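# Inside the fold
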Amino acid sequence: MATLLKLPTGTDAAELVEALHVAADARDDTAPELATRWRTLANDIGDALDALPKPRQEHTQ
């Protein structure tokens, strides 16, 4: 993901995506439907972040 989106808690959205994937991996055996839902949510968030415009870098001298 090229875009860094900081949330009010100080966490960036990429950490949430990673956490959803980790949680989904942990529930593959016990709750496969929930794991699938969490993966879909993580992928949707990641795709939305990738679709955001790239930040412009301002050069200061």
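Up top is the structure.
Described in the following lines is the structure provided in the data block. (Residues numbered from 1 in each chain as written. Predicted model: local features only at pLDDT ≥ 70, side-chain atom pairs only at ≥ 80, totals over all residues. Heavy atoms only, no water.)

### Topic: helix α1 (residues 13–26)
To keep things clear, this is the line we draw: Secondary structure elements follow DSSP: runs of H or I of four or more residues count as helices, runs of E of two or more count as strands, with numbering from the N terminus. Residue count minus one, scaled by 1.5 Å, sets the expected span of a helix. The rule is simple: take the accessible area with a 1.4 Å probe, protein chains only, and divide by the maximum for that residue type; under 20% is buried, over 50% is exposed, in between is partly exposed. By construction, the arc corresponds to the directions joining the helix axis to the C-beta atoms. In what follows, a contact means two residues having at least one pair of non-hydrogen atoms within 4.5 Å.
Taking 1.5 Å as the rise per residue, α1 with 14 residues should run 20 Å; its terminal C-alpha atoms sit 20 Å apart, in good agreement. Among the residues of α1, those classed as buried are Ala 13, Val 17, Leu 20 and Ala 24. End-on view of α1: buried residues confined to an arc of 60 degrees, all on one side of the axis. Structural note: α1 exposes Glu 18, Val 22 and Ala 26 on the side pointing more than 90 degrees away from its buried face. Residues of α1 that are buried in the fold lie against α2 (32–51).

### Looking at the pattern of salt bridges
Note that side chains of opposite charge can pair when their charged atoms are close. So the rule is basically this: When a carboxyl oxygen of Asp or Glu is within 4 Å of a side-chain nitrogen of Lys or Arg, the pair counts as a salt bridge.
Following the criterion strictly, the structure yields two salt bridges and no others. We note a salt bridge from Asp 25 to Arg 39, for which the minimum N-O separation is 2.7 Å. Here Asp 25 is found in helix α1, whereas its partner Arg 39 is found in helix α2, with 14 residues between them in sequence. Look at Asp 25 and you get partly exposed, because its relative accessible area is 48%. When its relative accessible area of 22% is taken as the criterion, Arg 39 is described as partly exposed.

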